[in-house]
Structure formats: structure tokens, C-alpha cells
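Here's the letter readout for the chains.
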Amino acid sequence: MAEEDYGYFVDWDQMGDLAKSSGPTKLDCKDPRELKQLARQGYWSKNHKLRAQVYQQLIKAIPCRTVTPDALVYRDIVDSVVGKRAPASIPLPEVVDGSPLPKYCLKADGVGAALKIMSCVASQFPDISHCPSLPAMTALLLHFSPSEAHCFEHVCRLLACNEPGRRMLDQTFLAYESSCMTFGDLANKYCSSAHKLIVATAQDVMEVYSDWMRWVLGDLPFSHVARVMDVFLVEGYKVLYRVALALLKFYRKQKAGQQQPSGQDTEGVRGSIQSFVQGIGSCVSPDKLLEKAFSIRLFSRKEITLLQLTNEKSLQQKGITIKQRRRNVHLAVNADNFSSEIVSTKEMRDIWSWIPERFALCQPQPLFSTANHGCSLNRFFSHCEGYEPTLLLIRTTNAEVCGAFLSTDWEERKRGGNKLSFFGTGECFVFRLKPEMERYEWVVIRHPELASAVQGKSQEPSEEGTPVQPQNSNPNTLPAAEPRADPSDRLSPFLSARHFHFNSRNTSMFMAGNVDSLIVGGGDGNALYIDAELNHGRTAHCTTFDNPPLCTETFQIALLEVWGFQDAMSS
């Protein structure tokens with residue numbers, strides 16, 4: 001069996017009943033409401049050729065950017081993008097973040113074609129930085145495309161959709177992360193029993209919910225995901241949420257009455273849900289899945305949009321603000337060659353997304369670790385001097401993780417002799433990763449009213465010709481070191497655009513150190529204070545970063561690491 005026009009890439013032997021086309025052979029429908037009902041009823045789901053023609057019609061109707069790559073573009077670029085490589089050896093684009101390519105009953109040629117298509121899509125959409133659903137969507141549309149070029153065009157139109165309020169696929173890390181948070185909110189509200197099960201059995205609930213999109217686009221059998229696609233192309237993104245919630249409800253039903261394992265195992269729960277979704281065909285039909293999805297009441301596109309916007313704002317406040325740097329982050333922090341005893345590759349990528357733009361392609365370079373170099377502040381300085389900037393990571397004996405991005409070479413501390421004096425720039429920030437992720441930037445970035453912009457001015461000299469040293473009103477804070485003559489070579493555009501005069505020097509106490517201690521942040525306390533043995537530390541609110549304590553206020557260090565930034569080109 002083969003549909004000559006729309007089945008070239010399909011392994012029909014794997015298609016089962018779907019290989020037998022039946023039902024209507026054409027669709028004459030212009031009314032959107034009627035089309036919506038027909039999609040939910042599966043009007044075209046039993047005829048492969050009709051389904052392909054309907055998909056083509058629906059995708060062609062999507063409003064897109066003025067210049068959207070089409071089939072002709074694919075034919076022009078495919079040889080230069082792919083080269084002479086065998087299709088099966090073409091790697092997945094970085095933007096998919098390691099999401100596997102589901103085979104969806106495709107022949108080997110079809111799998112190779114999907115890899116070629118994705119490489120070409122990535123070359124034409126450099127603004128897309130994170131799109132883990134791209135492999136599944138490409139493989140699915142290849143089923144219903146007469147050629148690679150037409151599949152490429154269909155994928156491009158989904159990505160280039162510019163209709164206000166209409167969303168087809170996540171294309172940034174910020175959008176993806178906020179969708180996971182939104183799904184968590186919806187699960188808590190509409191699947192409370194299932195949500196309680198996840199909370200009871202998984203230590204990290206959000207890690208479980210971060211798989212929600214993969215359940216639908218990746219883990220579902222082809223017969224089920226094709227029915228989801230029927231409705232998705234008509235009704236949009238909200239369908240994916242509905243189907244994922246339905247999967248969660250069915251998973252909860254399967255687990256009802258079973259004895260749950262003691263303790264909390266996040267990876268075990270993730271694997272359990274994935275196995276259930278992959279084998280759902282044995283207990284839940286495609287139509288039954290959609291029926292459950294659309295039986296959820298009071299679930300509107302407006303509600304989803306509001307939740308999404310709220311969660312995006314929350315993530316931006318936590319520092320997830322760079323929408324187009326994730327590709328660089330994945331190039332820099334490579335899972336194959338990155339190894340830390342404090343943070344995972346994913347957590348390091350989260351930190352890397354916060355660093356200043358010009359370091360985005362630098363690779364993390366291990367400089368110091370108490371596990372390898374011992375617990376000595378002198379050895380800390382000897383290994384870190386000559387490197388700028390550096391990243392400090394701390395894991396406490398309570399399994400809390402925090403740290404700081406430090407903009408300036410630690411050798412700068414010697415300018416004050418053995419006297420503690422602050423140095424550094426407004427690019428410094430502190431953060432915590434566990435129990436939850438949060439970044440705290442220089443307070444002036446969030447509250448510019450604390451500084452007055454003065455172009456090209458320096459401190460007024462006294463009559464004797466020496467700079468006037470401001471009074472230090474707090475005996476527990478340290479004097480700041482003299483600023484560098486030209487800090488503009490290391491400041492971000494915002495910070496290098498002007499020099500600041502402060503009402504209080506406490507707002508510019510970034511980093512300090514001597515033989516006795518290491519300090520980050522000052523003014524009414526220190527964000528981090530670490531003793532000479534790198535064994536004990538304290539954390540408190542400080543004026544410079546306006547941060548709460550980053551972990552337990554008095555803590556013992558289990559492990560401390562320092563990372564540098566190695567230029568990828570020079571390496």
C-alpha cells in the first residue's frame with residue numbers, strides 16, 4: 001500500500017490499520033467552527049491522502065512573515081548546508097536541546113530526510129534559539145508531504161507564524177521554560193489528584209513537568225499524535241496543554257490503587273510517565289484521549305495567555321531574559337566535556353545564560369576546586385589570579401548551592417596591600433540554584449534612581465590635590481578601591497555608557513579579599529563571606545545586590561569550585 005503523492009517516506013508495514021485508507025476523500029468546508037468540529041471528530045483521520053491535503057491547506061493559511069523560506073529555497077540551499085555527508089550522519093541542530101527524532105513509522109530514508117530538513121531550517125532561522133519540539137514536528141509533517149522541500153516549507157510556515165496572539169511552537173528558552181511553569185499551574189488547577197501524586201513521588205515537580213511537551217510531541221505513538229495534529233493545526237497551542245493534562249489524568253488513573261514507592265524519585269517518575277505515554281495505545285485510543293482532553297471545563301486560550309505572560313515575567317525577574325543566546329550557551333557548555341561536582345550541565349547552562357554577552361561563546365574552564373587543590377584561600381588566589389572574569393560555585397553541607405559571577409581579576413585585591421578593599425564592576429552578580437534558582441544583579445541596574453549619571457566626571461580633588469575619601473558611615477563595611485582608569489573595556493554597554501556617583505558607597509561594594517577572608521557584596525552585610533580555610537561561610541542581605549541570604553545564613557562548605565572563561569576560538 002502506498003499513497004504515491006504523500007507516502008514516499010512512510011514505512012507502510014509499520015502503519016497497521018492506518019495503511020488502509022477509508023472514509024471521505026475530499027473536504028469542502030469554509031466555516032471555522034465546522035472545521036473545528038470535523039477536526040475533533042477525525043473526519044479526515046482515516047484517509048492518509050486527504051489528511052495530507054488538509055494539512056497543506058491549513059498550513060498554507062497560516063499568516064507568516066513577508067519573507068518565509070519555501071520549497072524553492074530548500075532546493076537552493078540543501079546541498080550547501082548538508083554537503084556530502086550521509087543523511088543519517090547529520091547531527092541534530094543545537095536548538096533542539098538534545099530532543100531525539102521520533103521515527104513515527106518513517107523509513108530510513110525518511111529519518112535522513114528529517115535530519116536534512118532540520119539542518120536547513122536552523123540555517124534559515126538564526127533567531128530561533130530553543131525549539132525542542134522541532135524533531136517531532138518535522139518527522140510528523142514528513143508523513144504528509146510529497147517531498148523534503150514541501151516538508152521544509154510547512155515547518156518554516158509554522159515557525160514564521162506572525163498572527164497576533166497565535167502561537168505554534170516555542171522558539172526561545174524563555175518561552176519553553178514559561179510553558180513548563182504554565183503547565184504546572186494548569187495541572188495543579190485541573191488535575192489536582194494527579195498533581196498531588198507527582199508532588200508525593202517526585203522531589204523536583206518542575207523537572208517532571210518540563211517533559212510535558214515531549215509527552216505529546218515525541219512519546220505518543222504515531223496514531224495518537226497524528227490525531228492531536230489534526231486538531232492542533234486548527235485550534236493551536238492550547239490543544240497541546242489539553243492533551244498533556246489528559247495524559248496526566250490517565251497516568252493517575254493507572255496508578256490508582258497501586259502501592260507507590262517510598263521516598264521521592266524524580267527520574268523514576270519521569271521514566272514512569274514516559275513509559276506509560278509510549279505504551280498508551282494498549283489502553284487508550286486516540287479518540288478517547290482527545291475526548292478526555294476536551295472534557296476539561298473552563299479552560300480558555302485567554303487563561304493560558306495570562307498564565308504564560310505572568311510566568312515569563314517571573315522568569316525575567318529571575319534573570320532568564322536573554323531570548324537569543326541559548327544556542328551559544330549550548331555551544332559553550334557541552335555535556336560531553338563539562339564536568340562539575342556542584343552543578344549539572346543544565347544548571348551551568350542556566351548560569352551561562354546570565355553572563356555578559358561578550359562571554360557567551362567562551363567555554364567554562366576549571367581553575368580551582370577544594371576537592372583537587374585543598375581548602376586554602378592562598379591556593380584559591382594563586383589558581384585564580386590572571387583570570388577575568390571568574391565564576392564562584394559553592395555547595396554547602398546542607399546541599400544548598402549558591403555562587404557569584406565576579407567581573408575582575410582577583411589580583412586586583414593587591415592594590416590595597418593586605419587591607420581589605422572592594423573592587424570589581426557592576427557586572428558582578430550573586431545567585432542561588434538550590435533549593436530554587438534566583439539571580440541578584442547590582443542594585444543600580446534594578447533601581448537606577450540610586451545613582452545619578454555623570455558623564456566623564458571623577459571625584460573632586462581636595463585642595464592638597466588628593467581625592468576626597470567619602471565618610472564610611474558603617475564600621476562593618478569596607479572601603480572601596482580606586483576605580484580602574486578605563487573600565488569600559490570590560491563593562492556591558494549599559495554599564496559602560498556612564499559613570500555613577502552614589503549616595504552611598506555601599507551600593508558599589510562588589511568583591512574583596514585578603515589572607516583572612518573572601519567577600520562578595522557589601523553594605524549592611526555581605527552576600528558571601530568565606531574564611532581563610534574555605535571551610536565556613538556566612539551570607540546575609542547586602543546593599544550592593546539587595547539580596548536575601550543565598551542559603552543558610554551560617555554554613556559549612558562541602559565543596560567550592562571556581563571556573564574561568566576560555567575563548568572557544570583560541571582553544
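Remember, it's a predicted structure, so these values are computed and weren't measured experimentally. (Residues numbered from 1 in each chain as written. Predicted model: local features only at pLDDT ≥ 70, side-chain atom pairs only at ≥ 80, totals over all residues. Heavy atoms only, no water.)

(A) Expanded view of the overall build of the protein chain. Check the secondary structure of the protein chain and you find 21 helices and 12 strands. A buried classification covers 53% of the 571 residues belonging to the protein chain. Counted over contacts in the protein chain with a minimum sequence separation of 6, partners at least 24 positions apart contribute 74%. As presented, the protein chain carries roughly 26,100 Å² of accessible surface, and 48% of it is formed by carbon and sulfur atoms. (Helix = DSSP H or I, 4+ residues; strand = E, 2+ residues; numbered from the N terminus. Buried < 20%, exposed > 50% of the residue type's maximum accessible area, 1.4 Å probe, protein only. Contact = heavy atoms within 4.5 Å. Areas by Shrake-Rupley, 256 points an atom, 1.4 Å probe, with all protein chains shown as cover.)

(B) Summary view of the environment of S282. Its location among the elements puts S282 in the loop between α13 (266–278) and α14 (286–293). A distance of 3.0 Å separates the side chain of S282 from the backbone oxygen of G279, its partner in a polar contact. (Polar contact = N/O pair within 3.5 Å; in protein donor to acceptor, adjacent residues only side chain to side chain.)

(C) Main features of the packing of aromatic side chains. Tallied over the full model, the rule gives 27 aromatic pairs. Consider the rings of Y55 and F144, whose centres lie 4.9 Å apart with planes at 70°: the pair is edge-to-face. With Y55 in helix α2 (residues 48–60) and F144 in the loop between α5 (134–143) and α6 (148–159), the pair connects residues that are 89 residues apart, well separated along the chain. Side by side, Y55 and F144 carry an identical accessibility label, which is buried. Their ring planes at 20° and their centres at 6.3 Å tell us that F144 and F222 sit as a pair that is stacked. Of this pair, F144 sits in the loop between α5 and α6 while F222 sits in helix α11 (residues 222–235), placing them 78 residues apart in sequence. Each member of the pair, F144 as well as F222, is classed as buried. (Phe/Tyr/Trp six-rings, centres within 6.5 Å; stacked < 30°, edge-to-face > 60°.)

(D) Looking closely at the pattern of salt bridges. This structure, assessed with the given rule, holds 21 salt bridges. Here R270 and E267 are joined by a salt bridge, their closest N and O atoms 3.0 Å apart. Placement of both R270 and E267 in helix α13 is noted, with a separation of 3 residues, approximately one turn of the helix. The exposure class assigned to R270 is buried, which follows from its relative accessible area of 17%. By relative accessible area, which is 52% here, E267 ends up exposed. Salt-bridge contacts for E347 lead to K434; the nearest nitrogen and oxygen are separated by 3.7 Å. Here E347, found in helix α17 (residues 345–352), pairs with K434, found in strand β4 (residues 429–434); they are 87 residues apart in sequence, far enough to count as distant. Beyond isolated ion pairs, a larger network of salt bridges with shared partners links E207, D211, R214, D219, E267 and R270. (Salt bridge = Lys/Arg side-chain N within 4 Å of Asp/Glu carboxyl O.)

(E) Fine view of the environment of V333. Looking at the element boundaries, V333 is found in the loop between α16 (326–332) and α17. You can call V333 buried: its relative accessible area is 0%. Spatially, the C-alpha atom of V333 lies 6.7 Å from that of P364, the residues being 31 residues apart in sequence. Those residues in contact with V333, other than ones at most four positions away along the chain, are F338, T345, M348, R349, W352 and P364.

(F) Expanded view of the pairing of β4. Counting buried positions along β4 yields 5 of 6 residues, so the element is predominantly enclosed. Relative to β4, strand β3 (residues 401–406) runs antiparallel, the two being bridged by 5 bridges. Within β4, the position partnered with G403 by the bridge is F431. Across 4 bridges, the pairing between β4 and strand β5 (residues 438–441) is antiparallel. Of the residues in β5, the one forming a bridge with F431 is R439. (Pairing = 2+ DSSP bridges.)

(G) Broad picture of α5. With 10 of 10 residues buried, α5 lies mostly within the body of the structure. For α5, the complete set of buried residues consists of L134, P135, A136, M137, T138, A139, L140, L141, L142 and H143. On its buried face, α5 sits against α2, α4 (108–124), α6, α10 (212–219) and α11.

(H) Structural view of the environment of S508. Looking at the secondary structure, you find S508 in the loop between β7 (499–502) and β8 (511–513). Taking C-alpha positions, S508 is 7.8 Å from G522, a pair spaced 14 residues apart along the chain.

(I) Representation of the confidence of the model for the protein chain. For the protein chain, the mean per-residue pLDDT works out to 82, and 83% of the residues sit at or above 70. Across residues 322–327, confidence stays below pLDDT 50; counting only partners more than four residues off in sequence or on other chains, it has 25 contacts. (pLDDT = per-residue confidence, 0-100.)

(J) Quick peek at helix α8 (residues 192–201). Taken together, the buried positions of α8 are A194, H195, L197, I198 and T201. Viewed along the axis of α8, the buried residues span an arc of 155°, placing them on a single side of the element. Across from the buried face of α8, at angles greater than 90 degrees, the exposed residues are K196 and A200. Tucked inside the fold, the buried residues of α8 contact α7 (173–190), α9 (205–209), α12 (238–255) and α13. (Arc of directions from axis to C-beta.)

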